[in-house]
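# Structural description and commentary
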Amino acid sequence: MAEGEGARRGLGTALAAAWLAATLAFALIAPLAAPYPPARQDLGRALARPLSSGHALGSDELGRDILSRIIYGTRPALIVGALTTLASALAGTAIGLAAACLRGLGGLGWRTAARRLADEGIMLAMDGLLAIPTVLLALAVVAALGPGLPQATIALGIVYCPVFARITRARALAVLGEGYVLSARALGTSPLKIVARHVLPNIAGSVIVQCALTFSMAVVVESSLSYLGLGTQPPEASWGLMLKDGRDYLIQAPWASVFPGLAIALTVLAFNALGDALADRLDPRSRGALN
Amino acid sequence: MRRHDRAGAKRRRDLIAYALGKAARLALTIAVVAVLAFALARVLPGDPALTAAGLDARPADVEAMRRSMGTDRGLATQFAEWALGLARLDLGASLVSKERVSRLIAQRFPLTLELALLASAFAMLVGLPLGEASATRKGGAADGAIAFLSRLALSLPGFWLGILLLLGFAVAIPIFPLFGGKDLRSLVLPALALGASNAAMLTRQTRTAMLDELSSEYVVAARAKGLSRSQAARRHALRNALPPVINLAGLQFGALFGGAVVVEQVFSLPGLGRLALTAVAQRDFPLVQGCVVVFAVIASCASFLADLASAAARPGIGRAAR
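All of these numbers come straight from a predicted model, not from anything done at the bench.

What follows covers the overall build of chain B. Within chain B one finds 13 helices and zero strands. Each principal axis of the C-alpha distribution contributes one length, and for chain B these read about 85 × 60 × 30 Å. Of all 322 residues assigned to chain B, the portion counted as buried reaches 43%. Averaging the coordinates of the 37 positive side-chain charges in chain B and doing the same for the 20 negative ones gives two points 11 Å apart.

Structural data, given as structure tokens:
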């Protein structure tokens, strides 16, 4: 890597971290930071331009302050992103580890065949989930559970679980085939201890990198679901919902569509940059895969 | 000459075996999707009959609704019925309009297919040349600019890009319609919005694959023979770099149909995505199931075909493939 490129990437990572820290801070102190309550309507000052009196980023068709709603919108974005990432990472890693151990820790004979079959079955189910396009799978889950933020979180948790399962299984199988694991098994170390001591530390890097990517995808899909009217419900503020409301006033009030989207794009950009930086540090095998 | 023939026959056999293996996997995946689509609607909490009858319906009404929907019978019976129907390409009837689900889907399918094909073509027409340019100019200003652009395109949510495109080319410079019609012109902006992130991914994949090939021995030999870097790239490396790019394009094609759900909403296009969305909003679960299966079959078939195409394009697939 050239020195200039390294410095540029360092700067990019620092900016990304700063943006994410600011987002988190705004989510925590939204009532203090926002100039207005997010749902306060002021029909007399509807569709006010940006930088007009009292509305730094303008107001929407009900006279609600765009800046305040963007600040409050950090909450659903971060909460759904964090819970989705946590849930899918925990479930996916557990499933992937189980599948890898079923295949990689077997001995000989019919039991091994049965364990392999179980592994194949698990991965087939994951492939089936992966075969359904992301947004549609989320829609189908929301169709069963009904619209709303908690439901959207569950939907996204299910959507991103198979990715973690596949990554974990592949990396864990590689570790289980290493010489030191084979010697540990020959010495009679229990499978649980092998997983805790050898497998988990070796796959943690890949899982953490995937977490950053999942977080950024979850922010996008949550805003998509809210845009479609199936995520955050009015009058709560969410970036996707703001874009949905703004769509009908594109001509009169383009700012109502531009700023919330900018918030989404910057957040996603920041998570992607952070993911790349983490990949360089923690997961050298994936280096270049993101670039 | 004879040896050449024998190698050709062996390669053909390998390819056919590979295709058969992939086809079996495809059939299995579709079967799993059928189970999942059924499970999503029936096993997750939430009673479709209760929703269909309305929240303030009397218990007797809900019971009647369950009977008319067939959800009063055991899960196994219901699943058997759904699977048998599926085998005859019968996806049941919509709860709302009472029309056949397969007919509803067939009506909306052409528009979304056109949109996906346009987006896919756009992604390839942009991604391949940019990826190649970026690989042959590695480390240069063009490479940096392309990397920046593709990172940007990957971070913009497709629907926001769509809104920006509308602002630019339907509001500020009104050359495209603000609300969708069915002609090709109203598909241009949606296809750009849908295809942009794919173009970025293809650019990166092409660049990575090209760089791998450019550092391999045969390219070094070609350079030693006197070919310039770009000649060697175009004549030798590009062809060999294609298989992973084809694979990615196939995976993307299926994902495009998922992305279409949001993009069609932004551009008010009456395609398959909006049908799925309406079905979800009305909790019309036969239609939701139908859409899930159709989308998944399209995605699986696209990636199956891409696997085959990339296997055919790769010199030693029989040995390299699992």
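Quick look at the interface of chain A and chain B now. Taken together, the contact between chain A and chain B spans 44 residues of the former and 46 residues of the latter. Between chain A and chain B, a total of about 3,900 Å² is buried, with carbon and sulfur atoms accounting for 75% of that surface. Considering only the surface of chain A that becomes buried against chain B, Leu124, Leu136 and Arg247 of chain A emerge as the three largest contributors, covering 16% of it. The interface formed by chain A and chain B includes three salt bridges. Notably, a salt bridge pairs Arg25 of chain B with Glu120 of chain A, separated by 3.7 Å at the nearest N-O pair. Between chain A and chain B we count six residue pairs in polar contact (both at pLDDT 80 or more) in total. Those elements that place two or more of their residues in the side of chain A that touches chain B are helix H4 (110–131), helix H5 (134–145), helix H8 (191–227), helix H9 (239–247) and helix H10 (255–282) of chain A.

Before going further, it helps to examine a nonpolar patch on the surface. Residues Leu24, Leu28, Ile29 and Leu32 of chain A make up a contiguous nonpolar surface patch of roughly 450 Å² in combined accessible area. Mapping Leu28 of chain A onto the fold places it in helix H1 (residues 3–28).

Our next topic: unusual backbone geometry. The linkage connecting Pro234 of chain A with the following residue, Pro235 of chain A, adopts the cis geometry, with an omega of 5°. Looking at the secondary structure, you find Pro235 of chain A in the loop between H8 and H9. Unusually for a residue other than glycine, Lys98 of chain B sits at a positive phi of about 65°. Mapping Lys98 of chain B onto the fold places it in the loop between helix H4 (75–87) and helix H5 (101–136). Exposure remark for Lys98 of chain B: the relative accessible area of 61% places this residue in the exposed category. Unlike most non-glycine residues, Ser268 of chain B shows phi in positive territory, near 50°. For Ser268 of chain B, the location among the structural elements is in the loop between helix H10 (229–266) and helix H11 (272–281). Of the residues examined, Ser268 of chain B reaches a relative accessible area of 18% and is grouped as buried.

With that settled, consider the packing of H10 of chain A against helix H6 (residues 141–155) of chain B. As a packed pair, H10 of chain A and H6 of chain B sit with axes 8 Å apart at the nearest point and diverge in direction by 120°. With respect to H6 of chain B, the axis of H10 of chain A lies oblique. In this structure, the crossing between H10 of chain A and H6 of chain B has a hand that is right-handed. Touching Ala265, Val268, Leu269, Asn272, Ala273 and Asp276 of chain A of H10 of chain A are Arg151, Leu154 and Ser155 of chain B, all from H6 of chain B. Classifying every residue of the contact of H10 of chain A with H6 of chain B by side-chain character gives five nonpolar, two polar and two charged.

Quick look at the packing of aromatic side chains now. All names here are of chain B. Here the structure, examined in full by the defined rule, presents six aromatic pairs over all chains. Residues Phe38 and Phe79 carry aromatic rings whose centres are separated by 5.1 Å and whose planes lie at 70° to one another, so their mutual orientation is edge-to-face. Of this pair, Phe38 sits in helix H1 (residues 2–42) while Phe79 sits in helix H4, placing them 41 residues apart in sequence. Ring centres 6.3 Å apart and planes at 15° place the aromatic pair Phe109 and Phe257 in the stacked group. Remark: Phe257 occurs in helix H10 and Phe109 occurs in helix H5; sequence separation between them is 148 residues. Note on Phe257: relative accessible area 0%, which makes it buried. Taken together, the ring pairs connect Phe109, Phe253, Phe257 and Phe295 into an aromatic cluster.

A separate point is the confidence of the model for chain B. All names here are of chain B. Residues of chain B with pLDDT of at least 70 account for 91%, and the chain-wide mean is 84. Confidence, expressed as mean pLDDT per element, reaches its minimum in chain B at helix H13 (residues 317–320) with 42 and its maximum at H5 with 93. The model gives residues 317–322 a pLDDT under 50, and that stretch makes six contacts with residues more than four places away or in other chains. Taken together, the chains of this predicted complex give a pTM of 0.85 and an interface ipTM of 0.83.

If you walk through the whole model with that rule in mind, you get 14 salt bridges over all chains. Here Arg151 of chain B ties to Asp276 of chain A by a salt bridge, and the two come within 2.1 Å at their closest N and O atoms. Of this pair, Arg151 of chain B sits in helix H6 while Asp276 of chain A sits in helix H10, placing the two residues on different chains. Owing to a relative accessible area of 24%, Arg151 of chain B belongs among the partly exposed residues under this scheme. Under the relative-accessibility criterion, Asp276 of chain A is labelled buried at 4%. Connected through salt bridges with shared partners, the residues Arg103, Asp119, Glu120, Asp127, Arg166 and Arg169 of chain A together with Arg25 of chain B form a single ionic network.

All names here are of chain A. On inspection of all chains with the given rule, the structure shows zero disulfides over all chains. Free cysteine: Cys101, not disulfide-bonded; nearest cysteine sulfur from Cys161 at 16 Å. Using a relative accessible area of 17% as the deciding quantity, one classes Cys101 as buried. Its sulfur unpaired, Cys161 is 12 Å from the next cysteine sulfur, which belongs to Cys211. On the basis of relative accessible area, Cys161 is assigned to the buried category, the value being 8%.

Procedures and definitions
Residues numbered from 1 in each chain as written. Chains lettered and ligands numbered in written order. Predicted model: local features only at pLDDT ≥ 70, side-chain atom pairs only at ≥ 80, totals over all residues. Heavy atoms only, no water. Helix = DSSP H or I, 4+ residues; strand = E, 2+ residues; numbered from the N terminus. Buried < 20%, exposed > 50% of the residue type's maximum accessible area, 1.4 Å probe, protein only. Lys, Arg positive; Asp, Glu negative; His and termini not counted. Charge placed at Lys NZ, Arg CZ, Asp CG, Glu CD. Contact = heavy atoms within 4.5 Å. Buried area = accessible area lost by both parts, 1.4 Å probe. Salt bridge = Lys/Arg side-chain N within 4 Å of Asp/Glu carboxyl O. Polar contact = N/O pair within 3.5 Å; in protein donor to acceptor, adjacent residues only side chain to side chain. Patch = residues over 30% accessible without salt bridge, like charges linked within 9 Å, V, L, I, M, F, W, Y side chains within 5 Å. Areas by Shrake-Rupley, 256 points an atom, 1.4 Å probe, with all protein chains shown as cover. Axes fitted to C-alpha atoms, helices over the stretch in contact; angles between N-to-C directions. Parallel < 35°, antiparallel > 145°, perpendicular 65-115°, else oblique. Left-handed = near helix turned anticlockwise from the far one by under 90°. Nonpolar A, V, L, I, M, F, W, Y, C, P; charged D, E, K, R; others polar. Phe/Tyr/Trp six-rings, centres within 6.5 Å; stacked < 30°, edge-to-face > 60°. pLDDT = per-residue confidence, 0-100. Disulfide = S-S within 2.5 Å.

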